[in-house]
Amino acid sequence: MQPRARRWPELRAGLIAVAIFLGLLDGCPLPDAAHTRPWNRPLVDVVRPVQRVVLRPFQWVREGVRFSQRWALFAAASQHRYRLEVQGQKADGTWDVLYRAGDPAHRAYADDLEDERVRGAWAPSDRPQERYPDFARWFGRRVLADHPEYTVVRLWFERIVLERGEVRGTGTYLLHVDTPRGSS
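Quick caveat: nothing in here was measured; it's all calculated off a predicted structure.

What counts as what
Residues numbered from 1 in each chain as written. Predicted model: local features only at pLDDT ≥ 70, side-chain atom pairs only at ≥ 80, totals over all residues. Heavy atoms only, no water. Phe/Tyr/Trp six-rings, centres within 6.5 Å; stacked < 30°, edge-to-face > 60°. Lys NZ or Arg CZ within 6 Å of the ring centre and 35° of its normal. Patch = residues over 30% accessible without salt bridge, like charges linked within 9 Å, V, L, I, M, F, W, Y side chains within 5 Å. Areas by Shrake-Rupley, 256 points an atom, 1.4 Å probe, with all protein chains shown as cover. Salt bridge = Lys/Arg side-chain N within 4 Å of Asp/Glu carboxyl O. Helix = DSSP H or I, 4+ residues; strand = E, 2+ residues; numbered from the N terminus. Pairing = 2+ DSSP bridges. Axes fitted to C-alpha atoms, helices over the stretch in contact; angles between N-to-C directions. Contact = heavy atoms within 4.5 Å. Buried < 20%, exposed > 50% of the residue type's maximum accessible area, 1.4 Å probe, protein only. pLDDT = per-residue confidence, 0-100.

Things to note about the packing of aromatic side chains
Right, on to step 1. Applying the stated criterion across every chain, the model contains 6 aromatic pairs.
Right, on to step 2. In this structure, Arg119 is placed above the aromatic ring of Trp122, and the distance from its NZ or CZ to the ring centre is 5.3 Å.
Right, on to step 3. Sitting above the plane of the Trp156 ring, Arg154 keeps its charged end 4.7 Å from the centroid.

In structure tokens form, the structure reads like this:
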């Protein structure tokens with residue numbers, strides 16, 4: 001019988017092998033039923049149940065520790081999409097759209113806003129970048145300096161949907177920042 005200290009390297013090697021095997025099995029990319037092609041269905045139909053049975057005792061690791069070998073090779077964009085819109089309000093209360101992302105009819109300040117260094121401050125999302133409010137106020141003051149006819153400049157995000165390759169605004173807005181004339 002080997003002393004305890006001599007068995008540890010063999011036990012450790014066995015545990016590492018099990019961890020590698022489980023990681024490979026967990027990371028095995030199997031398409032869901034809707035995306036399984038007929039030619040690979042026989043293989044997927046055999047591997048999927050084996051994968052579930054073998055990994056079931058270790059499910060607590062994934063759920064409790066939030067650890068998994070699954071990852072997206074090509075990360076997909078969120079299904080919720082937004083576009084930046086910049087508007088100026090005149091003294092009579094009417095609003096003019098100066099810039100709307102992706103809209104060729106409203107391109108004022110597009111060169112500035114679409115610069116990759118600046119875009120990082122307002123990247124379209126339902127969760128603003130940390131510096132978005134400061135950026136929006138700064139940019140609003142800049143537009144007000146260029147356009148004395150406006151009393152307020154608004155930056156906000158419109159939720160959009162893509163339908164057959166076309167962008168359609170939904171009329172739902174969020175994360176608006178209004179900069180009134182005279183604000184600092």
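That covers the picture; the talk isn't over yet.
Considerations on a nonpolar patch on the surface
Right, on to step 1. A cluster of nonpolar residues, Trp8, Leu11 and Leu15, forms a patch on the protein surface that exposes about 330 Å² of accessible area.
Right, on to step 2. As for its placement among the helices and strands, Leu15 is situated in helix H1 (residues 4–27).

Quick word on the sheet that holds strand S2 (residues 95–100)
Right, on to step 1. In spatial order, the strands read S2-S1-S3-S4; together these 4 strands make up an open sheet with antiparallel pairing. Sheet topology places S2 and strand S4 (166–180) at the edges, where each strand pairs with a single neighbour. When the angles between neighbouring strand axes are averaged without regard to direction, this sheet yields 30 degrees.
Right, on to step 2. Bridge count for strand S1 (residues 81–90) against S2 is 5 bridges, and the pairing is antiparallel. Looking at the pairing, Gly88 lines up with Asp96 of S2.
Right, on to step 3. Of the strands in this sheet, S1, S2, strand S3 (150–163) and S4 touch helix H6 (residues 132–146), which is tilted by about 125 degrees from S3.

Thoughts on the pattern of salt bridges
Right, on to step 1. For the structure on display, the rule yields 11 salt bridges.
Right, on to step 2. Residue Arg107 is joined to Glu114 by a salt bridge in which the shortest nitrogen-to-oxygen separation is 2.8 Å.
Right, on to step 3. Assessed through its relative accessible area of 35%, Arg107 is described here as partly exposed.
Right, on to step 4. The shortest N-O distance in the salt bridge between Arg117 and Asp115 comes to 3.2 Å.
Right, on to step 5. Under the relative-accessibility criterion, Arg117 is labelled exposed at 71%.
Right, on to step 6. Overlapping salt bridges, with partners in common, bring together Glu85, Arg100 and Asp103 in one network.

A word on the confidence of the model for the protein chain
Right, on to step 1. Considering every residue of the protein chain, the mean pLDDT works out to 86; 88% of them sit at 70 or more.
Right, on to step 2. Looking over the protein chain, one finds the lowest element-wise mean pLDDT in helix H3 (residues 59–65), namely 71, and the highest in S2, namely 97.

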